[in-house]
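Examining the three-dimensional arrangement
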Amino acid sequence: MTKTMYEKIWDAHLVYEPESGSPLLFVDRHLMHEVTSPQAFEGLKLQSRSIRNRHSILGTIDHCVPTVDRTNIVDVIAKKQVDTMAANCATHNINLYGLDSKNNGVIHIVVPEHGFVHPGMVVCCGDSHTATHGAFGALAFGIGTSEVEHILATQTLQQTKAKTMLVKVEGKLSEFATAKDVALAIIAVTGTAGGTGYVMEFAGDTITDLSMEARMTLCNMAIEAGARAGLVAPDQKTYDYLEGKDFAPKGDDWDAAVAYWKTMVSDQDAKFDATITLRAEDIAPQVSWGTSPEQVVAVDGVVPAPSDFTNEVKAQACVNALKYMDLKAGQKMTDINIDIVFIGSCTNGRIEDFRAAAKLLKGKKVAAGVQAIAVPGSFPVKLQAENEGLDKIFIDAGWEWRDPGCSMCLAMNGDELKDGQRCASTSNRNFEGRQGKGGRTHLVSPAMAAAASVAGHFVDIRDLK
Amino acid sequence: MQPYTKHTSIAALMDRSNVDTDQIIPKNFMKKVERTGFGIHLFHNWRFLADNVTPNPDFELNKPAFQGAKILVAGENFGCGSSREHAPWAIADYGFNTIISTSFADIFFSNCFKNSILPIKVSEDQLAALMAEIAANEGVQFTVDLEAQKVTTPGGIEINFVVDAFRKESLLDGLDDIAWTLKHEDKITAFEEKQKQTLPWLWK
């Protein structure tokens, strides 16, 4: 019988399938940050349980970290959370890239940088954007804190098997459309609940043409389509990316690992429960207009009207979003002025993202009244950018060049929008208040964000020549 | 965990779709290292006016008729977005133990069961009927019987819902998931030993 990649990974990790109850799935890698782990450690302690395999864990501190002066966390509750993470990792001898580590950064940026996730693995983290690691052909998904505790104690999860969805993208992307635009275009089709209950596999020549970093951006957003995880089949690009990294197999192990990874892809005629197909040529640079990632249009489009939706629920959601976002139906996206621009996050905080933005910023200046913030996803990304002179391009253009962290993606660290401010953001969620109470978020790619910072409003980057 | 027992309680109406976990518990309240005390922050940005203290009179859960509600009836795709378990912690701490909707986001759905909350999936027509009954009679009490997998209302609605047998049992008994899994520790050890042989580089 033929199998999908998801089914192969599932079968390879099935520890026990009871007659009644959830199957137990083995977890190879457990990623951790300060926000969703403290209660799990506390729970273990209360039950006098121990950690089954500390080597399976890699931790970082990212959500609450100031991006200007990380030595000074003024919020005492945040400080306690950060200190608790450091203390828990020290107590249990867990590998932590803490605040003073040169490897510190956003968990989903840091983990691939060190080759901690390999194809065919099961990877979990108390963070929905764990989906990012599907770019390596690993089954990677977000969990709650009770499940963090469950993995710490048992190295397994009680899981129900998901359905499979093939998302096929074929054709050549224009030089102005990125993985971010592909992700948003897919969500525009599926909606934020379209992937619920599914694991998505992204395939087609558009996907295989994407770099590893671009695949990470795409898989990162799978959760915004409601999918439990996103997957891309590993190929030569995957192996080249991993080879030589800290946690990659070495020597004879490397050859054995690659041989194994090559088997962990969907069989040619594997059956999926659902399939959707997109043409790359149809994907223009995207801008979200509403308060859900599915409320998105091409940059040359207009803000939709409630009457554009036949579905009553979506029409009502449009009414609510227009009110919150202070937009009018029919308004051109390129006429929307912005106050803040943010480039960063686990979606778009990698070196290629800063290169793409710098290309548009070189020799330009940020528009009057606009604040623009660049937050590299990790110290290695920051260092690499500085070695390439990208920091100078950003700074000369009037951008703030900050230290790494989740920053304004979810605004836990003090970097946040004020009531009514409008932001062009390379992050992943435009929910109400996500970037600060009353703040208005428009999701875009790094190049689109850079262009908006210069113009003071959204720009169709295809027109810039 | 608190066992889930049959109850008759006020059902509050939240006629909104895609209620995300950022709304359920905004991020500024996720810095605590405890599991408790999140209820006062539930739906903070909707629930309070700009001064962050005064209850917003336009927010549905602030209606006098919905005070003390244990059942939340809401629109589709409830709990989407962030995986934060702070969301079900806040919901449970506020006093809800049942959420009825047409659909739930995956991670949130599974987080509910870890916190003695029963998420009930119903059809669009059933949801519309439940919502209509609340709208017509705010403060109405519904009965939820997990044992019989049934929701009944004074208006005569009777819904038989589906729930995974294992999760049902865990809720009814207030069982600890980890204790259940550890009963199968020998199988986990056997799996690990086999993986050490077949994929040795994972263990170096």
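Parameters at a glance
- Residues numbered from 1 in each chain as written.
- Chains lettered and ligands numbered in written order.
- Predicted model: local features only at pLDDT ≥ 70, side-chain atom pairs only at ≥ 80, totals over all residues.
- Helix = DSSP H or I, 4+ residues; strand = E, 2+ residues; numbered from the N terminus.
- Rg over C-alpha atoms; globule rule 2.2 N^0.38 Å.
- Buried ≥ 20, exposed ≤ 12 C-beta atoms within 10 Å, placed from the backbone.
- Contact = placed C-beta atoms within 7 Å.
- Pairing = 2+ DSSP bridges.
- Axes fitted to C-alpha atoms, helices over the stretch in contact; angles between N-to-C directions.
- pLDDT = per-residue confidence, 0-100.
- Nonpolar A, V, L, I, M, F, W, Y, C, P; charged D, E, K, R; others polar.
- Right-handed = clockwise from strand over helix to strand, strands pointing away.
- Domains from an automatic or database assignment.
- Core = buried A, V, L, I, M, F, W, Y, C linked by C-beta atoms within 7 Å.
- Expected span 1.5 Å × (residues − 1).
- Arc of directions from axis to C-beta.
- Parallel < 35°, antiparallel > 145°, perpendicular 65-115°, else oblique.
- Left-handed = near helix turned anticlockwise from the far one by under 90°.

**Regarding the overall build of chain A**
Tallying secondary structure elements over chain A gives 16 helices and 19 strands in all. In summary, chain A has a C-alpha radius of gyration of 21 Å against a globular reference of 23 Å for 465 residues, a match within 12%. Reported as C-alpha extents along the three principal axes, the dimensions of chain A are approximately 55 × 55 × 45 Å. The 465 residues of chain A split such that 60% are buried. Counted over contacts in chain A with a minimum sequence separation of 6, partners at least 24 positions apart contribute 77%.

**Concerning the sheet that holds strand β3 (residues 29-32) of chain A**
Within a sheet, adjacent strands bond to each other through the backbone by hydrogen bonds, running parallel or antiparallel. Residues and elements named next belong to chain A. Ordered by their spatial adjacency, five strands build an open sheet running β5-β4-β3-β6-β7, and the pairing between neighbours is parallel. Of all the strands in the sheet, the pair left with one neighbour each is β5 (95-97) and β7 (139-142). Across the sheet, the mean angle from the axis of one strand to that of its neighbour is 20 degrees, orientation sign disregarded. Pairing analysis gives three bridges linking β3 to strand β4 (residues 57-60), with the strands arranged parallel.

**As for the sheet that holds strand β5 (residues 141-145) of chain B**
Residue and element names in this part refer to chain B. The mixed open sheet is built from seven strands, whose spatial order is β4-β3-β2-β1-β5-β6-β7. At either end of the open sheet lies a strand with only one pairing partner, and these are β4 (118-121) and β7 (158-160). Ignoring which end each strand starts from, the neighbouring axes of this sheet average 25 degrees apart. Inspection of the sheet shows strand β2 (residues 71-74) paired to strand β3 (residues 98-101) by three bridges, in the parallel sense. Counterpart to valine 73 in the pairing with β3 is isoleucine 100. Sheet contacts for helix α5 (residues 124-136): β1 (7-14), β2, β3 and β7; angle to β1, the most-contacted strand, approximately 95 degrees.

**Thoughts on the confidence of the model for chain B**
Put simply, chain B has an average pLDDT of 96, and 100% of its residues get 70 or more. Across the interfaces of the predicted complex, the ipTM metric reaches 0.95, alongside a pTM of 0.96.

**As for the interface of chain B and chain A**
Each side of the interface is counted separately: chain B has 45 residues, and chain A has 57 residues. If you list the elements that add at least two residues to the side of chain B that touches chain A, you get α1 (21-24), α4 (106-113), α6 (165-173), α7 (177-182) and α8 (185-198) of chain B. By residue class, the composition of the side of chain B that touches chain A is 16 nonpolar, 15 polar and 14 charged.

**Quick look at the pairing of β2(B)**
Residue and element names in this part refer to chain B. Burial along β2 is two-sided: Ile71 and Val73 facing one way and Leu72 and Ala74 facing the other are all buried. Sheet topology places β1 next to β2; four bridges connect them, and they run parallel. Of the residues in β2, the one forming a bridge with leucine 13 is valine 73. A crossover links β2 with its parallel partner β3, the connecting element being helix α3 (residues 86-94), and its sense is right-handed.

**Some thoughts on helix α5 (residues 145-154) of chain A**
Residue and element names in this part refer to chain A. Among the 10 residues of α5, 10 are classified as buried, and the element is accordingly described as predominantly covered. Of all the positions in α5, only Thr145, Ser146, Glu147, Val148, Glu149, His150, Ile151, Leu152, Ala153 and Thr154 are classed as buried. Backbone geometry just downstream of α5 places glutamine 155 in the positive-phi region, at approximately 65 degrees.

**Remarks on the pairing of strand β15 (residues 340-343) of chain A**
Residue and element names in this part refer to chain A. Of the two faces of β15, the one carrying Ile340 and Phe342 and the one carrying Val341 and Ile343 are both buried. Relative to strand β16 (residues 371-374), β15 is paired through four bridges, and the arrangement is parallel. Note on β16: the bridge partner recorded for isoleucine 343 is alanine 374. Bridge analysis of β15 against strand β18 (residues 422-425) gives three bridges, and the strand direction is parallel. Note that in β18 the partner of valine 341 across the bridge is alanine 424.

**Here's the deal with the domain arrangement of chain B**
Partitioning chain B into domains gives domain 1 (7-173) and domain 2 (176-204). Put simply, the middle of domain 1 of chain B and the middle of domain 2 of chain B, counted by C-alpha atoms, are 36 Å apart.

**Here we look at the nonpolar core**
In terms of nonpolar packing, the biggest core is built from 203 residues, with A:Leu139, A:Met200, A:Val341, A:Ala357, A:Ala452 and B:Val73 touching the most fellow members. Considering every element that reaches this core, the biggest residue donor is helix α6 (residues 179-190) of chain A, with eight residues. Not counting the four nearest positions on each side in its chain, B:Val73 is found in contact with B:Ala11, B:Ala12, B:Leu13, B:Met14, B:Ile100, B:Leu130, B:Met131 and B:Ile134.

**Brief notes about the domain arrangement of chain A**
Residue and element names in this part refer to chain A. Segmentation of chain A into domains returns domain 1 (5-274) and domain 2 (286-463). The distance between the C-alpha centroids of domain 1 and domain 2 comes to 25 Å. Every element with two or more residues in the side of domain 1 that touches domain 2 is listed here: α4 (107-113), α6 and α8 (212-220). The element contributing the most residues to the side of domain 1 that touches domain 2 is α6, with six residues.

**Quick word on α5(B)**
All names here are of chain B. Between the first and last C-alpha of α5 there are 18 Å, a value that for 13 residues agrees with the 18 Å anticipated at 1.5 Å per step. Turning to α5, its buried residues are Leu127, Leu130 and Ile134. For α5, the arc enclosing every buried residue in end-on projection is 65 degrees, short of the 170-degree limit, so these residues lie on one face. Turned more than 90 degrees away from the buried face of α5, the exposed residues are Glu124, Asp125, Ala128, Ala135 and Ala136. As for α5, its buried residues are in contact with β1, β2 and β3.

**Details of unusual backbone geometry**
Look at A:Asn93: it is not a glycine, yet its phi comes out positive at around 60 degrees. Here A:Asn93 lies in the loop between α3 (76-91) and β5. Even without being glycine, B:Ser116 reaches a positive phi, approximately 60 degrees. When you line up the elements, B:Ser116 lands in the loop between α4 and β4.

**Thoughts on the environment of A:Thr217**
Residues and elements named next belong to chain A. Within the secondary structure, threonine 217 is located in helix α8. The spacing of threonine 217 and alanine 179 is 38 residues in sequence and 6.2 Å in space, taken between C-alpha atoms. Apart from residues no more than four positions distant in its own chain, threonine 217 is found in contact with Ala179, Lys180, Ala183, Thr347 and Asn348.

**A look at the packing of α6(A) against α8(A)**
Residue and element names in this part refer to chain A. Remark: α6 packs on α8, axes separated minimally by 8 Å, with the N-to-C direction vectors making an angle of 25 degrees. On the basis of their axis angle, the class for α6 and α8 is roughly parallel. Relative to α8, the crossing made by α6 is right-handed. Note on element contacts: α8 touches α6 through Ala214, Arg215, Thr217 and Leu218, opposite Ala179, Lys180, Val182 and Ala183. For the contact of α6 with α8, the per-class residue count stands at five nonpolar, one polar and two charged.

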